[in-house]
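Residue-level structural notes
So the chains spell out like this:
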Amino acid sequence: MVLMADSATNVSFAQALHYNFLSQNYHRTLYSETSHHRRFSLVRGTNLMALGGAGVAVPSSNCYALDNSSRLVDFTSFIGHLFEYEGKDSDLVVRFCKDVESRSQAGYIDFGRFDESNYFVSGSGQVDFIQGYYKGDLINCERTYSKLGRTAQVNIICGSCPNGQCKGDLGCICNVTYESSCRVIVELAMPCEKHRLRVFEGFTLGFHPRSWEIVYNGMTELGYEKSHGEFSFSTEQRQVALHMTAVASLSRLVQKPTIKVVPETGLEVRLSGSAAMGKPPTTLSPSLLTVDWTCEVARDTPYEVEFTIPVENYEPIQFTLTKMCDYQQNREKEATKGWAVFGVFSFIFMVCSTLFCCGGLIYKARFQNQRGLDALPGMTFLSACLQSVTGGTQSYPRAENYTDPFVNPASWRGQKTSNQGTGQQQQTQGILYLLALAPVSCLSLNHNGGNLYPQFYDRSCPRAQEIIHQVVAEAVAKEPRMAASLLRLLFHDCFVQGCDGSVLLDSSETVVSEKISNPNRDSLRGFEVIDEIKSALEKECPETVSCADIIPLAARDSTVLAGGPSWQVPLGRRDSTNASLTGSNSNIPPPTSTFQALLTLFEEQGLDVIDLVALSGSHTIGDARCISFKQRLYNQTGNGRPDHTLNKPYAAELRHRCPRSGGDENLSVLDYVSPFHFDNSYYKNILLSKGLLNSDQVLFTQSRPSMELVKRYAENNSLFFEQFAVSMVKLGNISPLTGTRGEIRQSCRKINA
């Protein structure tokens, strides 16, 4: 079976293969259009070592996880294994990667099932891995966890129980804790693989930058881990384009790819593109690897091309593509010939069109004494068309011959219309003429005024971004917490009358500062760093770079310095000349918000639930004052009880730092796992019911769509990074002042005199 592809678009398998990508479980389904329409299903493969044991192939089931050092641990052999725990009134049984049940004489109670959409992530402390089981029995639990019924969390310890139990080979359950009648926490000790391969998380390679993956999340998909002759490229497929992406902060670890052809002779293979040159791939700027292969010797069986992409400190990325060679191909490319013929005819057409236009213009001007629009070839025909569209019977006023000695003086003063209808008709015709000429006019316009784009300061202040990055880097090196503070500035600026730098203004005779609002007072930081940046920019290029542009650039650089993603910041904002204390008090979501309140405020800014969940991930760095979450510890709903969705041991730890009375200004890290490193541990904490703020935890407990996003981001760090970058650009584009609106402040703290 040979797979065809369109070399122009490189949508491989476009006619012979339909590719079905399921975002939740990543199944791969192939449809081959043979005479019998046979169907092939490629599901996540076995944990094979691709190409002689060096690469990493995706395991054969979803019962696997990556530890905190990105090493693969495959538990496929344990699927369905029973772990039993004898309780006082009932026994608890875990069928590993299947379900969790409570068994008693009264019957069985299902505490959730493990399926493709559930998470299996690394843990922290003595817990190595964490599994989630959902959709258990609903009775008396209809309102818990977004109507998912009973749920279970299995904390896996590699080895033996802390108390010395579980000395057998297959492990045992160490402890069972019922948080409520609807949720159980199971502590399970079991053996884990010791020799683990380190996976380059976040790396993808495929026929498209966002789908059709050959390698996903650093692991080679089944079908590409070794040669599969029945899924070969056809002889006619002379070129294949592969797109590589990686986490921006780790992209420089990716090295140049190499190939091995089997057999060594008979197929000429050449690599080109940015990836072949060694350009680091990122999620926002994928690198391209172009494979040109030519059949020099015909062969009954396909040629195998084994690709190896070394990654520093990780297992290499390896995969295999195969190509059929039914006949010998000439070295010169037929496609090149076709483009050459097309280019010749296009050139001839352009020359003829230019000569026709110039000749017609000269003829009408010299021999028919026509001027202006009338002198353009085809304008008479266009005029007739416009008249027929508008229903008019009169032509537009012709330009009089300026060589005529008897020019009517009224012609340059403006002709009087006989009635209002005629004037409106001429006005309509004039507008239609302007519309007809709009494409030509647009070519000469400068669009700097109304748009934002990353190259805005390339000529006026080419070192602007370099200066901003340098100052931010020094500030973060001196105080790591500053990265979160500068990132927070962007949120608090853009959510109040748009991204206009109004949050930076101090109070004056004409301005009431947003700094004294409830969300900002004694909380918002980083103003001195912005002042330092502005001072340096004013020395380099006075009155050029706006404060409104400094904020998103500083936020981007802070994210990158903390280990997060990078993105291109559209620029060209101007500074406001006023502030809005009322808007600051009403538009910025408080930490006690419900999910619906959060979503409403985000939607008012043109953002959606995906942006809400992704941007909330900025809480992976930074601190929060006790007053922001104290109600969760002592009086969540006014009944004098703590928040039942908050992990009890975690809540007890927080109470030591935040007593019932006093201590409101004490600080607690938003992400207790990696408080200064930008990653997806924020979402993992939420899955463990350890989101610090109420506005964090409700993303998982009050909305099914947001819960699914939390689970996906907890599982896939690169997916979180990619969406965070996209959402940050959307955030920075909220109602900017451009063109002549606003001003370029000389000092970010006050408007110009």
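Residues numbered from 1 in each chain as written. Predicted model: local features only at pLDDT ≥ 70, side-chain atom pairs only at ≥ 80, totals over all residues. Heavy atoms only, no water.

**Side note on the overall build of the chain**
Heads up, the rule is: Counting from the N terminus, the helices are the DSSP runs of H or I reaching at least four residues and the strands are the DSSP runs of E reaching at least two. A simple rule labels every residue: compare its accessible area, found with a 1.4 Å probe on the protein chains alone, to the largest value its type can have, and call it buried under 20%, exposed over 50%, or partly exposed in between. Contacts were defined at the residue level, with two residues in contact if any of their heavy atoms lie within 4.5 Å. Using a 1.4 Å probe, accessible areas were evaluated by the Shrake-Rupley method; residue-level cover was limited to the displayed protein chains.
Each helix and strand in the chain was counted, giving 18 helices and 29 strands. Here the chain holds 753 residues, and 48% of them are scored as buried. Across the chain, the fraction of contacts at a sequence separation of at least 24, relative to all contacts at a separation of at least 6, is 66%. Counting every atom, the chain has about 36,000 Å² of accessible surface; 54% of that belongs to carbon and sulfur.

**Observations concerning the packing of helix H7 (residues 482-494) against helix H9 (residues 547-561)**
What counts, and what does not: Angles here are taken between N-to-C directions and fall from 0 to 180 degrees, while the axes themselves are lines fitted to C-alpha atoms, restricted in helices to the stretch in contact. By convention the crossing between two helices is left-handed if the near helix lies anticlockwise of the far one by an angle smaller than a right angle, and right-handed if it lies clockwise. Throughout, the ten residues Ala, Val, Leu, Ile, Met, Phe, Trp, Tyr, Cys and Pro are labelled nonpolar, Asp, Glu, Lys and Arg are labelled charged, and all others, Gly among them, are labelled polar.
Relative to each other, H7 and H9 sit at 140°, their axes nearing to 8 Å. For the crossing formed where H7 meets H9, the hand is left-handed. Counting all contacts with H7, which are made through Ala483, Leu486, Leu487, Leu489, Leu490 and Asp493, the residues of H9 involved are Ile551, Pro552, Ala554, Ala555, Ser558 and Thr559. Each residue belonging to the contact of H7 with H9 can be placed in one class, and the counts come to nine nonpolar, two polar and one charged.

**Details of the nonpolar core**
Heads up, the rule is: Here, nonpolar core means buried Ala, Val, Leu, Ile, Met, Phe, Trp, Tyr and Cys residues that are tied together by side-chain atoms lying within 4.5 Å of each other.
If you look at the biggest cluster of nonpolar residues, it comprises 80 residues, and the most contacted ones within it are Ile533, Met728 and Leu731. By residue number, the principal contributor to this core is H7, which donates nine residues. The contacts of Ile533, once residues within four sequence positions are left out, are Ile468, Val471, Val472, Ile550 and Ala554.

**Let's talk about helix H17 (residues 704-715)**
The line we're drawing: Working rule for helices: expected span equals 1.5 Å times residues minus one.
Between its terminal C-alpha atoms H17 stretches 17 Å, which fits the 16 Å expected from 12 residues at 1.5 Å a residue. Structurally, H17 contributes buried residues whose contacts are with strand S13 (120-122), helix H11 (595-604), helix H12 (609-616), helix H15 (681-687), helix H16 (694-701) and helix H18 (717-732).

**As for unusual backbone geometry**
Of note, the bond from Val262 into Pro263 is cis; its omega dihedral lies within 30 degrees of zero at -10°. As for its position among the elements, Pro263 is in the loop between strand S23 (258-262) and strand S24 (267-272). With a phi close to 45°, Ser735 is a non-glycine residue in the positive phi region.

**Focus on the confidence of the model for the chain**
Interpretation of the predicted coordinates at a detailed level should be avoided for regions scoring low in pLDDT. Filter applied, for reference: pLDDT expresses how confident the predictor is about each individual residue, on a scale running from 0 to 100.
The share of residues in the chain with pLDDT of 70 or more is 78%, and the mean pLDDT across the chain is 80. Residue range residues 1-53 is modelled with pLDDT below 50. Its contacts to residues more than four positions away, or to other chains, number 142 contacts. Across residues 392-450, confidence stays below pLDDT 50; counting only partners more than four residues off in sequence or on other chains, it has 49 contacts.

**Notes on a nonpolar patch on the surface**
Operational definition: Patches here: salt-bridge-free residues with over 30% relative accessible area, like charges joined within 9 Å, nonpolar side chains (Val, Leu, Ile, Met, Phe, Trp, Tyr) joined within 5 Å. Within this document, salt bridges are pairs made up of a side-chain nitrogen of Lys or Arg and a carboxyl oxygen of Asp or Glu, the two lying within 4 Å of each other.
Taken together, Val344, Phe347, Ile348, Val351 and Leu355 make up a surface patch of nonpolar side chains, about 490 Å² in accessible area. Checked against the element boundaries, Val351 lands in helix H2 (residues 334-366).

**Some remarks on the side chain of Asp500**
Here is the rule we go by: In this tally, Asp and Glu contribute negative charge and Lys and Arg positive charge; neither His nor the terminal groups of the chain are included.
Note that Asp500 resides in the loop between H7 and helix H8 (527-540). It turns out Asp500 is buried and unbridged, and the closest side chain with the opposite charge, Arg745, is 5.8 Å from it. Once you skip the residues sitting within four places of it in the chain, Asp500 turns out to touch Asp493, Ala548, Arg574, Asp575, Ser576, Leu737 and Arg745.

**Some remarks on the sheet that holds strand S17 (residues 183-190)**
Here is the rule: Pairs of strands are assigned from DSSP output, requiring at least two bridges between the strands.
Read across the open sheet, the five strands follow the order S13-S14-S15-S17-S16; overall the sheet is mixed. The sheet is open, and its two borders are formed by S13 and strand S16 (172-180), each paired with just one other strand. Going across the sheet, the axis of each strand differs from the next one's by a mean of 20°, ignoring polarity. As judged from the eight bridges shared by strand S15 (residues 151-158) and S17, these two strands associate in the parallel manner. Its bridge partner lying in S17, Ile157 is registered against Ala189.

**Side note on the sheet that holds strand S12 (residues 107-113)**
If you walk across this open sheet you meet the four strands as S9-S10-S11-S12, and the pairing is antiparallel. Strands at the two margins of the open sheet, each flanked by one partner only, are strand S9 (82-86) and S12. Ignoring which end each strand starts from, the neighbouring axes of this sheet average 20° apart. Of the strand pairs in this sheet, S9 and strand S10 (residues 91-95) are connected by five bridges, and their pairing is antiparallel. Bridge pairing in S10 places Glu84 opposite Val93.

**Focus on the pattern of salt bridges**
Considering all chains together, one arrives at 23 salt bridges under this definition. Put simply, Asp67 and Arg196 hold a salt bridge, and the shortest N to O gap is 3.0 Å. With Asp67 in the loop between strand S7 (64-66) and strand S8 (72-74) and Arg196 in the loop between S17 and strand S18 (204-208), this pair connects stretches of sequence that are 129 residues apart. Residue Arg463 pairs with Glu466 through a salt bridge whose shortest N-O separation is 3.4 Å.

**Some points on H16**
An α-helical segment advances 3.6 residues per turn. Residues three or four places apart therefore align on the same side. By the criterion of burial, H16 is predominantly enclosed, with eight of the eight residues buried. Among the residues making up H16, those that are buried are Asn694, Ser695, Asp696, Gln697, Val698, Leu699, Phe700 and Thr701. Buried residues along H16 sit against H11, H12, helix H13 (630-634), H15 and H17.

**Re the packing of aromatic side chains**
Put simply, the test is: Each Phe, Tyr or Trp ring, with Trp reduced to its six-membered ring, pairs with another whose centre is within 6.5 Å; inter-plane angles below 30 degrees give stacked pairs, above 60 give edge-to-face pairs, and intermediate values give tilted ones. Criterion for a charge above a ring: Lys NZ or Arg CZ within 6 Å of the ring centre, and within 35 degrees of the ring normal.
What the rule picks out here adds up to 29 aromatic pairs. Taken together, a centroid distance of 5.0 Å and an interplanar angle of 80° make the contact between Tyr682 and Tyr683 edge-to-face. Accessibility expressed as a relative area gives 0% for Tyr683, which makes it buried. Between the aromatic rings of Tyr713 and Phe720, the centroid separation amounts to 6.0 Å while the plane-to-plane angle is 45°, which identifies the pairing as tilted. When its relative accessible area of 3% is taken as the criterion, Tyr713 is described as buried. Among the aromatic residues, those joined into a ring-pair cluster are Phe75, Phe78, Phe83, Phe96, Phe114, Phe120, Phe129 and Tyr133. Here the guanidinium or amino end of Arg198 rests over the ring plane of Tyr314, the centre of that ring lying 4.1 Å away. Between Lys711 and the ring centre of Tyr134, over which it is positioned, the NZ or CZ distance is 4.9 Å.

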